[in-house]
Amino acid sequence: MKVLWTLVRNDSKIFDKVYYPERSPVTSIYQGLANALMMGGLIWATSLGFITGGFVIWCVLISIPFVISFSILNKEWHEGTIGWWLALPYSKSLLLSAKFVASFLLVLESYVSILAIVLIQLFLINSTLPPFLPHTQLLDAFQVCAKDLTWLLLISPFSILLGTLIVTFARSHWLPEFPIVWGSLGFGVIVNLYVVKAFGLLPSSSPSVHHGQMHFISVNGSNFLTTLLLSLSISALLFAFSVYILNRHVEV
Amino acid sequence: MSNALEIKYLSKSYGPKIALDDLYVSFPEGQITGLLGPNGAGKSTLLKVIVGLVKPQAGNILVFGQPPHWKFNAEIAYLPDRAKWYKVHTIERAINYALTILPGFDLPRALEMIKTMDLDLDSRVSALSKGQQASLYVILCLARKVKLVLLDEPFTGIDLLSRERIIQSLIDSMLDQPQTIIISTHEIHETESLFDHVVFLNRGQLVLEGNVEALRQEKGCIESIYRGLFR
Amino acid sequence: MENIQVGDFNFQMDLSKPLYEQVLQQIRHAIARSDVPLGTKLPSVRELAQQLKINPNTVMRAYQELDRDHLTETRRGQGTFITSDLDTVKQVKMALASEAVLVFVSSMKKLGIDRPTAESLLKEVAWHE
């Protein structure tokens, strides 16, 4: 148990007071450029009507678990610590479980902070609105957020383990080296979006922030229990397959 | 004398590239063995097979009588080639991590080694020089009560002083606990006086092996034997 | 080859010859030549191995050999000391001297020089310079 916890602690960065304290200026510039490009692209696509704001928010929220678990696992190769990690005297399922728990904690942290920011913004808007305009009911908004959060968390084990599987697969000896890994990130993000959509978690058509009607996602024809069971059973399969690949087909 | 490692007809290739070619060799227990050979000789692959990072296509290998398995890695301290440690760790954090994660980790010994290697517990791994990083890795491997220590190129690209400090801690380690140590290295001149035994590999095959003192008696210094073999 | 001073002893290690023999011979010679006073403490195995950067097993083997010849004695908890017994030292001195004579004789033989000639050469050599 102590081992699992130490591994989780090491895999997730929430417990690191300082994360990436030193970043070279070149990396920062790169990062900035990439962000600007992405934002520009999104604004452009939205303005032309290809995508809606609701769709973008949905994509971001749904991709968070996948991207987090992808980078947590991929980091071992990327930072060159893979040799130590794979030679640890623990089963591959324990090692991957630690990555799973770490990813889940980080996902929880990101979702909660995003929703908290939304609520705080609503509160601020409310307090600046003149009294004759309709106010958002904060309690309603909170309930809606909590409901969205539950659905997102329900589906996240699947997305997390899809990330795990795609990294292990991309790093297996079935595929050639490096560029594949980054290609697989994009591929995985899209697969993840499609599957989540198939689960019935659709982008909200009107992410309006007025009148407490704000939903980030709209749930279509799914119920809580079946989605939970489905998500967990598919996750279990993905986990088993990742462990198998890591055991038998990953060499460093 | 019994053997720590028994390797029989071991073969491994990566696509068309042959790393180990029907390798048949053994490593004596309780001794320090130098694993020598040019780049691509199969040294790293052999060490990886021992800890189960690489699966051979043919042949078998016994580590203290057992085929490699992650469970037995509890008794093996392995320094991977071109290893890096988690950048965000401070040395203190790395030591704490090792204490729970690596079985047999000897905290007092690690702290003593940190002192002799002149490392600072608060410095971050990403801020360490190459020599300091290498020293940390060697501490993580040598400050453990394990039966087998595998160091893959621990001296590559590091400064003379760090190299000497590492050699000192190797000597201390040998005195403090009987262990089987295998070091793959190119720096034969600095290290050959440490070895009890040497194994020369080339293209995945055994070229020469033997007790170092006997080889010195017979053929002179290990470095010149190496030159003679691989020129 | 560099000179390495360890305690009262001076070593020169040559990696092309067995290190065990070199450690053994150099300590023997130091004792026989009275470079170090009798009863001197030998460097610890750790110290000597560290200074010479050699495998401690090599040092241990050499020390065991010295112990077997009674050139050194190990006192529990104190370390290993060179014997104070003059007879033992004398024996070692004689043994090393006869080794040297054997070397001398064999090189004379190789040169084709017979015993009387060698002896007369020896007589002519100036001992004190």
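Please read these numbers as outputs of a predicted model, since none were measured by experiment. (Residues numbered from 1 in each chain as written. Chains lettered and ligands numbered in written order. Predicted model: local features only at pLDDT ≥ 70, side-chain atom pairs only at ≥ 80, totals over all residues. Heavy atoms only, no water.)

### Quick word on the overall build of chain C
For chain C, the helix and strand inventory stands at five helices and four strands. Overall, chain C shows an N-to-C arrangement of helices and strands of β-β-α-α-α-β-β-α-α. With the principal axes as the frame, chain C shows a C-alpha extent of 55 × 35 × 30 Å. Within chain C, the fraction of its 129 residues that count as buried is 37%. Each charge sign in chain C was given a centre, from 16 positive and 17 negative side chains, and these centres are 4 Å apart. (Helix = DSSP H or I, 4+ residues; strand = E, 2+ residues; numbered from the N terminus. Buried < 20%, exposed > 50% of the residue type's maximum accessible area, 1.4 Å probe, protein only. Lys, Arg positive; Asp, Glu negative; His and termini not counted. Charge placed at Lys NZ, Arg CZ, Asp CG, Glu CD.)

### Digging into the domain arrangement of chain C
Many descriptions give the size of an interface as the accessible area lost when the pieces come together. Residue and element names in this part refer to chain C. Assigned domains within chain C: domain 1 (3-84) and domain 2 (87-124). One C-alpha centre belongs to domain 1, the other to domain 2; they are set 26 Å apart. Each partner contributes residues to the interface: domain 1 has 11 residues there, and domain 2 has six residues. Summing the contributions of domain 1 and of domain 2, the shared interface buries around 630 Å²; its carbon and sulfur component is 75%. Among the residues of domain 1 in contact with domain 2, R28, A32 and L71 are the three that bury the most area, contributing 50% of the side total. For the pair domain 1 and domain 2, the number of links is zero salt bridges. Viewed at the interface, domain 2 and domain 1 are joined by zero residue pairs in polar contact (both at pLDDT 80 or more). Its residues placed into classes, the side of domain 1 that touches domain 2 shows four nonpolar, five polar and two charged. (Domains from an automatic or database assignment. Contact = heavy atoms within 4.5 Å. Buried area = accessible area lost by both parts, 1.4 Å probe. Salt bridge = Lys/Arg side-chain N within 4 Å of Asp/Glu carboxyl O. Polar contact = N/O pair within 3.5 Å; in protein donor to acceptor, adjacent residues only side chain to side chain. Nonpolar A, V, L, I, M, F, W, Y, C, P; charged D, E, K, R; others polar.)

### A closer look at the interface of chain A and chain B
Taken together, the contacts link 31 residues of chain A with 31 residues of chain B. Summing the contributions of chain A and of chain B, the shared interface buries around 2,800 Å²; its carbon and sulfur component is 58%. Here chain A is connected to chain B by one salt bridge. When the shortest N-O distance is used, the salt bridge between K12(B) and E251(A) registers 2.9 Å. The interface formed by chain A and chain B contains 11 residue pairs in polar contact (both at pLDDT 80 or more). Elements that contribute at least two residues to the side of chain A that touches chain B include exactly α1 (2-11), α4 (82-86) and α8 (224-248) of chain A. Residue composition of the side of chain A that touches chain B, grouped by class: 15 nonpolar, seven polar and nine charged.

### Here we look at the side chain of S169(B)
All names here are of chain B. For S169, the position within the fold is in helix α5 (residues 160-176). Residue S169 is classed as buried on the basis of its relative accessible area, which comes to 6%. Residues contacting S169, with those up to four places away along its chain left out, are R109, M113, M117, V138 and L142.

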